[in-house]
Amino acid sequence: MARTVAAKTFMSRMNEGRGSWLADKQILAACEEFFKENGYTGVDRDVVFAGHTNFVSPLVASSELQTIATIVRPQIKYDMGFLGSLESILYDVIDNHDRATLMLATDSLSYFPIIQTEEIGVEIENLMDEGMLLLFVNGRGSHALFDEFEKLATPVQLPD
């Protein structure tokens, strides 16, 4: 039987002993590791996605089933301008590119601001409802990928 732990507990363990935020470069390295561990064969850097607004994804991963464009934001805080541009990028990616979606990669320290700040949580939930993925990394080889906002509060299955 699979072991599970509360999402808040899992994220607290991911953040245990950490005092500083990861830099973009560290998050990109963690994302690349995540993609390789999860069977994505095509990993490219600085890929342009054309649309209403051209967007350069610092890291794009492909599999037979999908293409994931990554956007990196180490610290998620109350920044409605960023969240608005994220929405525009998401729609450009999913509307103009077959089997593509957007993944927001962030430091795992962003978990609590996302779930505790209503305005941020609502915006992230809306983006995830439209297909955005949310990846939390801690720079120590741990990650948590969410495809639905509700799962941020449900038990996380631990690996065997």
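**Q** Can you break down the environment of Q26 residue by residue, with the values?
**A** Structurally, the position occupied by Q26 is in helix α2 (residues 24-37). Taking relative accessible area as the criterion, Q26 reaches 41% and is therefore assigned partly exposed. Residues Q26 and D107, 81 residues apart in the sequence, show an inter-C-alpha distance of 9.3 Å.

**Q** Give me the lowdown on the sheet that holds strand β3 (residues 55-62), citing residues and values where you can.
**A** With mixed pairing, the six strands of this open sheet are ordered in space as β2-β3-β4-β5-β6-β7. Both edges of this open sheet fall to β2 (42-49) and β7 (143-146), since each of them pairs with a single strand only. Taking the axes of each pair of neighbouring strands and ignoring which way they run, one obtains an average angle of 30° across the sheet. Examined bridge by bridge, strand β5 (residues 100-107) and strand β6 (residues 133-137) share five bridges and lie parallel to one another. Following the sheet pairing, D107 is matched in β6 by V137. The strands touched by helix α1 (residues 7-15) are β6 and β7; relative to β7, the strand with the most contacts, the crossing angle is about 145°. Along the sheet, helix α3 (residues 80-96) contacts β2, β3, β4 (67-72) and β5; its crossing angle with β5, the most-contacted strand, is approximately 150°.

**Q** I'd like a description of the layout of surface pockets, backed by residues and values.
**A** Counted as a void, the largest pocket has a volume near 410 Å³. Around the largest pocket sit 16 residues that line it, and H143, A144, L145, F146 and V156 are the ones nearest its centre. Only β7 and β8 (156-157) provide two or more residues apiece to the lining of the largest pocket. Broken down by element, the residue count for the lining of the largest pocket peaks at four residues, all from β7. Residues belonging to the lining of the largest pocket are distributed by class as follows: nine nonpolar, five polar and two charged.

Calculation notes
- Residues numbered from 1 in each chain as written.
- Predicted model: local features only at pLDDT ≥ 70, side-chain atom pairs only at ≥ 80, totals over all residues.
- Heavy atoms only, no water.
- Helix = DSSP H or I, 4+ residues; strand = E, 2+ residues; numbered from the N terminus.
- Buried < 20%, exposed > 50% of the residue type's maximum accessible area, 1.4 Å probe, protein only.
- Pairing = 2+ DSSP bridges.
- Axes fitted to C-alpha atoms, helices over the stretch in contact; angles between N-to-C directions.
- Contact = heavy atoms within 4.5 Å.
- 1 Å grid on protein atoms, 1.4 Å probe; cavity = no way out; pocket = protein on both sides within 12 Å on 5 of 7 lines; lining within 4 Å.
- Points joined across faces, edges and corners; volume = space filled by probe spheres on them.
- Nonpolar A, V, L, I, M, F, W, Y, C, P; charged D, E, K, R; others polar.

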